[in-house]
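Chain by chain, the residues:
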Amino acid sequence: MMTAMLRLLEFFQVDKNILKDVLEVMLRLGIFSLFAVISPFVGRLLPRLLKGIFKLFCRFMRTYDESVYDRFIKPHHDSLVLIGTLTFVAIGV
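Calculation rules
- Residues numbered from 1 in each chain as written.
- Predicted model: local features only at pLDDT ≥ 70, side-chain atom pairs only at ≥ 80, totals over all residues.
- Heavy atoms only, no water.
- Axes fitted to C-alpha atoms, helices over the stretch in contact; angles between N-to-C directions.
- Helix = DSSP H or I, 4+ residues; strand = E, 2+ residues; numbered from the N terminus.
- Left-handed = near helix turned anticlockwise from the far one by under 90°.
- Nonpolar A, V, L, I, M, F, W, Y, C, P; charged D, E, K, R; others polar.
- Contact = heavy atoms within 4.5 Å.
- Polar contact = N/O pair within 3.5 Å; in protein donor to acceptor, adjacent residues only side chain to side chain.

Draft legend 1. Main features of the packing of helix α2 (residues 16–60) against helix α4 (residues 77–92). Remark: α2 packs on α4, axes separated minimally by 7 Å, with the N-to-C direction vectors making an angle of 145°. The chirality of how α2 crosses α4 is right-handed. Considering only residue class, the contact of α2 with α4 consists of 15 nonpolar, six polar and one charged.

What follows is the structure, encoded as structure tokens:
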């Protein structure tokens, strides 16, 4: 495979700086694509993570009231998923 690439490079006589830039763009596009594919799953985990943090906080405060979670976090579930998804895509950029 590598020898085929070297033959193509010799045939087209690509400048090494251009090749370096093309490889860098390909790497960045690959990383962005990976983050874009994974981001919906990470976005779905954000509300669960907040619920876990809320339960942990309530355990240390020696009180647990499900209604607080239901009033403040549950109504914004879809927004939290979207925020988590877009944040993870932004990290990938």
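Draft legend 2. Region of the structure containing the side chain of T85. As for its position among the elements, T85 is in helix α4. Residues within four places of T85 in sequence aside, it is in contact with S39, P40 and G43.

Draft legend 3. Representation of the side chain of S39 within the structure. Relative to the elements of secondary structure, S39 occurs in helix α2. Reaching out from S39, the side chain makes a polar contact with the backbone oxygen of A36 at a distance of 3.1 Å. The contact partners of S39, leaving out residues within four places of it in the chain, are T85, F88 and V89.

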